[in-house]
Amino acid sequence: MPPQDMTTAASPSGGAAPETSGPDHLLDVLQHQVAVFARRAEQTRLGGVGQVRNSMDRAAYLLLNRLDREGPMGVKALAAGMGIDSSTVTRQVAPLVDTGLVKRTSHPEDGRAVVLQLSPRGHARLNEVRASRRELMSQVTQEWTAEERDTFCDLLTRFNEALAARQTHQQPTDG
């Protein structure tokens, strides 16, 4: 039986939902396709192609990307920017420090504080993984026009930003 990755939403019983129209139908299709995307992303980890495929987990990739794009920062700033807990960042950064991809350095203005910084090795590794993942995206979207890729990127970015905003508004405040 082929996998159920149709463009129509699945019914609660598992079969294809009847073709309908309207906002509820579109939202059903959207939630189904997001679920399929999440499963596919986890299965492949969108890791890329070649020898680098699946060689860096999602947490490490996102942490290294943020450090590369925003520069050295403390654990609290890194956690806040990623919308996760400081203890989670500390746990995720530890193996990156151990493997030499991230280094801990003194804060330039307050020598007592520690900041995390992408090491030269981390930068090289990140570039290698980015190239592999870029190639995967190229292969997956090879039949798409540049405009379709651009539109998909815009919409996916908007979707992710809306989810992040929702998560931020739902998090309890420390009090």
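For the structure, check the block above.
So, a few notes on the structure that sits alongside this text.

Analysis parameters
Residues numbered from 1 in each chain as written. Predicted model: local features only at pLDDT ≥ 70, side-chain atom pairs only at ≥ 80, totals over all residues. Heavy atoms only, no water. Axes fitted to C-alpha atoms, helices over the stretch in contact; angles between N-to-C directions. Helix = DSSP H or I, 4+ residues; strand = E, 2+ residues; numbered from the N terminus. Parallel < 35°, antiparallel > 145°, perpendicular 65-115°, else oblique. Left-handed = near helix turned anticlockwise from the far one by under 90°. Contact = heavy atoms within 4.5 Å. Nonpolar A, V, L, I, M, F, W, Y, C, P; charged D, E, K, R; others polar. Core = buried A, V, L, I, M, F, W, Y, C linked by side-chain atoms within 4.5 Å. Buried < 20%, exposed > 50% of the residue type's maximum accessible area, 1.4 Å probe, protein only. Phe/Tyr/Trp six-rings, centres within 6.5 Å; stacked < 30°, edge-to-face > 60°. Salt bridge = Lys/Arg side-chain N within 4 Å of Asp/Glu carboxyl O.

1. Notes on the packing of helix H2 (residues 58-70) against helix H5 (residues 120-140)
Then comes step 1: Packing of H2 against H5 brings their axes to within 10 Å, and their N-to-C directions diverge by 115 degrees. Taken as axis vectors, H2 and H5 run roughly perpendicular relative to one another. As for how H2 packs across H5, the hand of that crossing is left-handed. In contact with Tyr61, Leu64, Asn65, Asp68 and Arg69 of H2, H5 contributes His123, Leu126, Val129, Arg130 and Arg133.
Then comes step 2: Tallied by class, residues from the contact of H2 with H5 come to four nonpolar, two polar and four charged.

2. Thoughts on the nonpolar core
Then comes step 1: Among the nonpolar cores identified, the biggest contains 18 residues, and Leu64, Leu67, Leu78, Val93, Leu96 and Val102 are the most heavily contacted of them.
Then comes step 2: The leading source of residues in this core is H2, at five residues.

3. A short note on the packing of aromatic side chains
Then comes step 1: The tally for this structure, following the rule as stated, stands at one aromatic pair.
Then comes step 2: On the numbers, 5.3 Å between centres and 85 degrees between planes, the contact of Trp144 with Phe152 is edge-to-face.
Then comes step 3: You can call Phe152 partly exposed: its relative accessible area is 40%.

4. Brief notes about the pattern of salt bridges
Then comes step 1: Per the counting criterion, the structure on display carries three salt bridges.
Then comes step 2: Taking the shortest distance from any N to any O, the salt bridge between Arg66 and Glu70 comes out at 2.6 Å. Highlighted residues: Arg66 and Glu70, both in helix H2, separated by four residues, approximately one helical turn.
Then comes step 3: Classification of Glu70 by relative accessible area gives partly exposed; the value is 49%.

5. Topic: the packing of helix H3 (residues 75-82) against helix H4 (residues 86-98)
Then comes step 1: Where H3 meets H4, the axes come as close as 8 Å, and the angle between the chain directions of the two elements is 105 degrees. One way to sum up the angle between H3 and H4 is to call them roughly perpendicular. Residues Val75, Lys76, Leu78 and Ala79 of H3 touch H4, and the partners they reach there are Ser86, Val89, Thr90 and Val93.
Then comes step 2: Along the lines of polarity and charge, the residues of the contact of H3 with H4 split into five nonpolar, two polar and one charged.

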